[in-house]
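# Structural features, examined
Here's the letter readout for the chains.
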Amino acid sequence: MPEDRSAISAGSRWRVTRREALAAVGGSAVSVWTRSGPAVDTAATAGHRDGLVRIRVYPGAVPFRARLRYGLGELRGNWPPPFRDALAAIEAAFEHVLAYARERSRLEDLAVRVDRAPPIRVSPSATSLSADSVLPSLEALLGRFRERVRNRGALTGRTCHVLLCWSPLNYRVGYGGTLAPNSVTGLDDGGDGDALTVANVGATEVWDSRAVTRNIAIHETLHTFLSDDVVRSIGDAYCDHELGTAVRTAENTLRISPMATAYAGPDRIGGGTRFHGTGCYDHDRFARHDGHDGIENWAYTIEPSETTREGVTRHLERRFET
Ligand SMILES: [Zn+2]
């Protein structure tokens, strides 16, 4: 994807996403301009605007030693290269979804914004010696994340909050995830409309590759845009992961789309991603799975499968257009 940081450049007083800019130029959709300063959390007001779905991406803390991997120039700042790339991947994924929808004259009045949010430090409790304070479970991490977001007044009822964390050794969080009742963006019967999800960029960077980092960042974000009713309405899929694809592009190469990420290979260490996902999946029910016999190269793409694009489109239609 071409680099275009205009949508999220720190310090810009007026910000507009590339999607919105394209929509404004093409005149095919409502363009939404939001006034915001670099250090001000504007979610509480801007998120209520009709036709706007927001994804706010929060960088977590990255230890000094880990930053050295990216050179001396990255010892400061909140957005080291893997975080920047994760954010760009999420943006690109939604561009794919909206392009798919608009080719079919759907979601024409809906805008999606992906924003950099101020950093979130989810530090261990200084007074507790419980396992959750040393090595937080996904549930504990999401709980603390939600607390921070709520304290900032950033809950809007229609925003997806994504925490990019750096916990390569935290097997309890794994590559990340989201949990009910805050696992769906947009109002439904169980949640309050704000979804929270975690992508463990530290794990994908240390154990896998930048391509897996991008793929997982999209994966954990799109989980919150794939409600159960939508997933069940698509083909044979029973769970979100089956909307992904694993396509054999050469005799020994498998190309894997975001929702299939850690589920496309055999259930063993190093079968595709270093660690296999622990959620549900069945290769026979994938939108497409060409089998992994003889596969030596695992290629991870940022392009959601057509089935995934359809799923996210339906979700946006059902939760944001009615
Ligand atoms: Zn998943």
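To keep things clear, this report deals only with the structure shown in the data block. (Residues numbered from 1 in each chain as written. Predicted model: local features only at pLDDT ≥ 70, side-chain atom pairs only at ≥ 80, totals over all residues. Heavy atoms only, no water.)

## Concerning the overall build of the protein
Under the convention used in this document: In DSSP terms, a helix is any run of H or I states spanning at least four residues, a strand is any run of E spanning at least two, and both are numbered starting from the N terminus. A 1.4 Å probe rolled over the protein chains alone gives each residue an accessible area, and that area as a share of the maximum for its type sets the label: buried under 20%, exposed over 50%, partly exposed in between. Should any heavy atoms of two residues lie within 4.5 Å, those residues are counted as being in contact. Surface exposure here means Shrake-Rupley accessible area, sampled with a 1.4 Å probe, where a residue is shielded only by the protein chains that are shown.
Regarding its fold elements, the protein presents 10 helices and 11 strands. The buried share of the protein, reckoned over its 322 residues, is 55%. A separation of at least 24 residues holds for 72% of the contacts in the protein among residues at least 6 apart in sequence. Summing over all exposed atoms, the protein offers an accessible surface of approximately 14,000 Å²; the carbon and sulfur share of this is 50%.

## A short note on the nonpolar core
A general trend in soluble globular proteins is that nonpolar side chains are found buried together. Here is the rule we go by: In plain words, nonpolar cores are sets of buried Ala, Val, Leu, Ile, Met, Phe, Trp, Tyr and Cys residues tied together by side-chain atoms within 4.5 Å.
Counting 57 residues, the largest nonpolar core has Ile 55, Val 57 and Leu 164 as its most contacted members. In terms of residue count, helix H4 (residues 81–103) provides more of this core than any other element does, 11 residues in total. Discounting residues that sit within four places of it in the chain, Leu 164 has contacts with Val 57, Tyr 58, Pro 59, Gly 60, Trp 79, Phe 83, Ala 86, Ala 199 and Val 201. Among the nonpolar cores identified, the runner-up in size contains 14 residues, and Tyr 58, Val 149, Ala 154 and Cys 165 belong to it.

## Observations concerning the side chain of Thr 156
We apply this condition: In the analysis that follows, any N or O atom pair within 3.5 Å is treated as a polar contact, provided that within protein one partner can donate a hydrogen and the other can accept it, and provided that, for residues neighboring in sequence, both atoms belong to side chains.
Inspection of the secondary structure puts Thr 156 in the loop between helix H6 (138–151) and strand S5 (159–165). Here the side chain of Thr 156 touches Arg 158 through a polar contact of 3.1 Å, landing on its backbone nitrogen. A polar contact of 2.6 Å, which involves the side chain of Thr 156, links it to the side chain of Thr 159.

## Quick notes on the coordination of the zinc ion
Put simply, a metal with four donors set out as a tetrahedron has ideal angles of 109.5 degrees, and one with six donors set out as an octahedron has ideal angles of 90 or 180 degrees. Operational definition: Distances decide who is a donor: an N, O or S atom must be within 2.8 Å of the metal, or within 3.2 Å for Na, K and Ca. Water is not included, so sites may look incomplete.
Bound to the zinc ion are the protein donor atoms His 219 (NE2), His 223 (NE2) and His 241 (NE2), situated 2.0 to 2.1 Å from the metal. Read in sequence order, the donor residues for the zinc ion give the motif H-x3-H-x17-H. Remark: His 241 occurs in the loop between helix H9 (228–232) and strand S8 (245–250) and His 219 occurs in helix H8 (residues 210–222); sequence separation between them is 22 residues. Using a relative accessible area of 2% as the deciding quantity, one classes His 219 as buried. By relative accessible area, His 241 is classed as buried at 6%.

## Focus on the pattern of salt bridges
Here is the rule: When a carboxyl oxygen of Asp or Glu lies within 4 Å of a side-chain nitrogen of Lys or Arg, that pair is called a salt bridge.
Enumeration according to the criterion identifies 17 salt bridges in this entry. A salt bridge links Arg 214 to Asp 85; its shortest N-O distance comes to 3.4 Å. On the criterion of sequence distance, the pair formed by Arg 214 in helix H8 and Asp 85 in helix H4 is long-range, its members being 129 residues apart. Look at Arg 214 and you get partly exposed, because its relative accessible area is 30%. Classification of Asp 85 by relative accessible area gives buried; the value is 18%. Ionic pairing is found between Asp 282 and Arg 285, a salt bridge with its closest N-O pair at 3.7 Å. Judged by its relative accessible area of 30%, Arg 285 falls in the partly exposed class. Each of Asp 85, Glu 205, Arg 210 and Arg 214 takes part in salt bridges that share partners, so that together they form one network.

## Quick notes on the packing of aromatic side chains
Selection rule: Aromatic rings from Phe, Tyr and Trp, with only the six-membered ring used for Trp, were paired whenever their centres fell within 6.5 Å, and each pair was classed as stacked if the ring planes differed by under 30 degrees, edge-to-face if by over 60, and tilted otherwise. Charge over a ring is defined by NZ of Lys or CZ of Arg lying within 6 Å of the ring centre and within 35 degrees of the ring normal.
This structure, assessed with the given rule, holds six aromatic pairs. A connected cluster of aromatic rings, assembled from ring pairs, spans Tyr 175, Trp 207 and Phe 275. Looking at Arg 104, its charged tip hangs above the ring of Tyr 100, at a distance of 3.8 Å from the centre. For the cation-ring pair, Arg 116 lies above Trp 79, with the distance from its terminal atom to the ring centre recorded as 4.8 Å.

## Structural notes on the packing of H4 against helix H10 (residues 306–320)
We apply this condition: For helices, the axis comes from a line fit to the C-alpha atoms of the stretch in contact; other axes are also lines fit to C-alpha atoms, and the angle between any two N-to-C directions lies between 0 and 180 degrees. Reported orientations rely on four angle classes, namely roughly parallel under 35 degrees, roughly antiparallel over 145, roughly perpendicular from 65 to 115, and oblique for the rest.
Here H4 crosses H10 at 80°, and the two axes come no closer than 9 Å. For the element pair H4 / H10, the angle class is roughly perpendicular. Contacts from Phe 94, His 96, Val 97, Tyr 100 and Ala 101 in H4 reach Glu 306, Arg 309, Glu 310, Val 312 and Thr 313 in H10.

## Section: H4
For clarity, the threshold we go by: To estimate how far a helix should extend, the number of its residues minus one is multiplied by 1.5 Å.
Compared with the 33 Å implied by 1.5 Å per residue over 23 residues, the 33 Å span of H4 between its first and last C-alpha is a close match. Counting buried positions along H4 gives 20 out of 23 residues, so the element sits mostly inside the fold. Of the residues flanking the end of H4, it is Ser 105, one or two places downstream, whose phi is positive at about 55°.

## Structural notes on the sheet that holds strand S10 (residues 288–289)
Under the convention used in this document: Pairing between two strands requires that DSSP report at least two bridges joining them.
The sheet built from four strands is open, its strands ordered S10-S8-S9-S11 with mixed pairing. The open sheet is flanked by S10 and strand S11 (297–300), the only strands paired with a single partner.

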